[in-house]
Amino acid sequence: MQRTMLKSKLHRVHVTHSELDYEGSCAIDEVLLEAADIREYQQIDIYNINNGERFSTYAIRAERHSGIISVNGAAARKASPGDLLIIASYAIYNEIELEKLKPQLVYVDGKNDILDQRRDIPLQAAS
């Protein structure tokens, strides 16, 4: 059996830009992409803490150390500058891989600078 599980998340990032006329995607500071192990053009799910919107898009690279989180295209209607987001990536794991699964969690401050990052405890240890 295979299961789709949380691979990583950026927790409570602040939206810095909302670009309706851009073709789509979410631009994320390259430092944050690396910290969360999210690749450019990878599918991401976004959860807006301010308004409850939940949507999927893909990640693109924003300038390193810029703090940019820009929600673009149609998704720009779902997030405004200043909103708090959780950005999650998922992966498909088999039962053997699940034993070693440790999602990468990244926590930021008000400027989207990394405060803490850690790998969560393995699922088997949590039970």
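Rules used throughout
Residues numbered from 1 in each chain as written. Predicted model: local features only at pLDDT ≥ 70, side-chain atom pairs only at ≥ 80, totals over all residues. Heavy atoms only, no water. UniProt positions renumbered as here; feature names shortened; annotations may be inferred. Helix = DSSP H or I, 4+ residues; strand = E, 2+ residues; numbered from the N terminus. Buried < 20%, exposed > 50% of the residue type's maximum accessible area, 1.4 Å probe, protein only. Contact = heavy atoms within 4.5 Å. Pairing = 2+ DSSP bridges. Axes fitted to C-alpha atoms, helices over the stretch in contact; angles between N-to-C directions. Salt bridge = Lys/Arg side-chain N within 4 Å of Asp/Glu carboxyl O.

The protein chain carries the name Aspartate 1-decarboxylase in an unreviewed UniProt entry, which gives Methyloradius palustris as its organism. The annotation that UniProt attaches to the protein chain under Sequence similarities (unreviewed entry) is "Belongs to the PanD family."

### Things to note about the UniProt feature "active site" (unreviewed entry) in the protein chain
Taking the numbering used here, the UniProt-annotated feature "active site" (unreviewed entry) corresponds to S25 and Y58. Judged by maximum C-alpha separation, these annotated positions cover 34 residues in sequence but sit close together in space, the widest gap being only 5.0 Å. One can find S25 in strand β3 (residues 25–29). Given a relative accessible area of 1%, S25 falls into the buried group. Ignoring anything within four residues of it in the chain, the contact list for S25 reads T57, Y58, I60, S70, V71 and N72. The topology assignment puts Y58 in strand β5 (residues 54–62).

### A few points about the sheet that holds strand β8 (residues 104–108)
Strand order in the open sheet formed by nine strands is β2-β6-β3-β5-β4-β7-β1-β8-β9, with mixed pairing between adjacent strands. Looking at which strands have only one partner, the edges of the open sheet turn out to be β2 (17–19) and β9 (114–119). With strand direction ignored, the average angle separating the axes of adjacent strands in the sheet is 30°. Alignment of strand β4 (residues 43–48) against strand β7 (residues 84–94), held across four bridges, turns out to be antiparallel. For Y47, the partnering residue across the bridge sits in β7 and is I86.

### Overview of the UniProt feature "binding site: substrate" (unreviewed entry) in the protein chain
UniProt records the feature "binding site: substrate" (unreviewed entry) at T57, G73, A74 and A75, using the numbering of this structure. These residues run over 19 residues, yet every pair of their C-alpha atoms falls within 9.8 Å of each other. Residue placement: T57 occurs in strand β5. Judged by its relative accessible area of 14%, T57 is buried.

### Let's talk about the pattern of salt bridges
Counted by the stated rule, this structure contains seven salt bridges. The salt bridge involving R61 is made with E30; its shortest N-O contact spans 3.4 Å. With R61 in strand β5 and E30 in helix α1 (residues 30–35), the pair connects residues that are 31 residues apart, well separated along the chain. Among the residues examined, E30 registers a relative accessible area of 22% and is labelled partly exposed. E34 serves as the salt-bridge partner of R64, at 2.9 Å between the closest nitrogen and oxygen. Taken as a pair, R64 in the loop between β5 and β6 (69–72) and E34 in helix α1 lie far apart in primary sequence, 30 residues in all. Since its relative accessible area comes to 37%, R64 is described here as partly exposed. What you see here is one network of salt bridges that share partners, running through E30, E34, E40, R61 and R64.

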